[in-house]
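Per-entry structural report
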Amino acid sequence: YSVGDAVGKAPANKQAVTAFLGQHYSHDALQKFWDRYCSPEGLVCGKGLPKLVGDATSGTPGVEGMLDIESMTGVAGNVESEYWGFAGRSPDDPANEPFMKWLGLLSSTSDELVPKLFSTSYGEDESSWSKPAAQRLNVEFIKAGVRGISLLFAAGDEGANCKGGRFVAEGP
C-alpha cells in the first residue's frame, strides 16, 4: 500500500476487524506476519496485540479473519486494533453472518471505548436478507454512522457478482 514508515499520531485512534462463520484469531499467526513483513522493513505494525472482543475469538485461525487483522495492523502502525469475533449464524438466514450480534455489542459499547473504524470482509447477496432483517440492519448501520463510526464492507472479490447474466447487488 506504499504507506512507508508513516504511523498514527493520535493516541485515541482505534480500529477493528470483524470475524464470523468460524473465523478465529491467532496471536502466533499475527506475530509470524509481523516478523515476516514488518520487522525486516523496520515498520511499526499495529500498537501491541489486538484486544479480543466477542464470543468467537480463539480457536484454529481462519484465513479470512487473519488476513483482515494482518492487513489492518500492517498498514496502520501505532494504531490500537481490536478483533471482534462472533459465533453462530443469522436467525434470518442460516447461510448469513450474525451481524446483529456484532451490531448489538457495538451499540452498547461506549463512545470512549468503541473503535471508530470497523473493517468487515463479509457480504451476501442483497436478496438473501428478508426485508425486516435488512431494515433492522440498516437502522443499526445508521446508528453507528451517527456516532461517527465508519463501517467498511466486503471488497468485492467476486467482481460484479453476476448470476445468470444479471447483476446481483450485495449487502450490507
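Heads up: the structure comes first, above all this text.
Residues numbered from 1 in each chain as written. Predicted model: local features only at pLDDT ≥ 70, side-chain atom pairs only at ≥ 80, totals over all residues. Heavy atoms only, no water.

**Side note on the state of the cysteines**
Scanning the model with the defined rule gives 1 disulfide in all. Paired through a disulfide, Cys38 and Cys45 show a sulfur-sulfur distance of 1.6 Å. On the sign convention where negative is left-handed, the bridge of Cys38 and Cys45, at about -75° about the S-S bond, is left-handed. Residue Cys38 is classed as buried on the basis of its relative accessible area of 4%. (Disulfide = S-S within 2.5 Å. Buried < 20%, exposed > 50% of the residue type's maximum accessible area, 1.4 Å probe, protein only.)

**Describing the sheet that holds strand S6 (residues 150-153)**
Taken together, the 5 strands give an open sheet; going across it, the order is S2-S3-S1-S4-S6, and neighbouring strands pair in parallel fashion. A strand with exactly one partner marks an edge of an open sheet, and here the two such strands are strand S2 (51-53) and S6. Strand-to-strand twist in this sheet, taken as the mean axis angle between neighbours without regard to direction, amounts to 20°. For S2 and strand S3 (residues 80-85), the ladder comprises 3 bridges, and the chain directions are parallel. Opposite Lys51, over in S3, you have Glu82 as the bridge partner. (Pairing = 2+ DSSP bridges. Helix = DSSP H or I, 4+ residues; strand = E, 2+ residues; numbered from the N terminus. Axes fitted to C-alpha atoms, helices over the stretch in contact; angles between N-to-C directions.)

**A word on the environment of Glu170**
Note that Glu170 resides in strand S9 (residues 170-171). Judged by relative accessible area, Glu170 falls into the partly exposed class, the value being 31%. With 44 residues separating them in the primary sequence, Glu170 and Glu126 have C-alpha atoms 4.7 Å apart.

**Quick notes on the packing of aromatic side chains**
This model, assessed by the stated rule, comprises 14 aromatic pairs. Geometrically, the ring pair formed by Phe20 and Tyr122 is edge-to-face, given 5.3 Å between the ring centres and 85° between the ring planes. With a gap of 102 residues between them, Phe20 in the loop between strand S1 (14-19) and helix H1 (27-37) and Tyr122 in the loop between strand S4 (117-120) and strand S5 (124-125) connect regions that are remote in the sequence. For the pair Phe20 and Tyr122, a shared accessibility class is recorded, and that class is buried. Where Phe99 meets Phe153, the ring centres are 5.9 Å apart and the plane angle is 90°; that geometry is what we call edge-to-face. Of the two residues, Phe99 is situated in helix H3 (residues 99-108) and Phe153 in strand S6; the sequence distance between them amounts to 54 residues. Residue classification places Phe99 among the buried residues on the basis of a relative accessible area of 1%. A relative accessible area of 23% means that Phe153 is categorised as partly exposed. (Phe/Tyr/Trp six-rings, centres within 6.5 Å; stacked < 30°, edge-to-face > 60°.)

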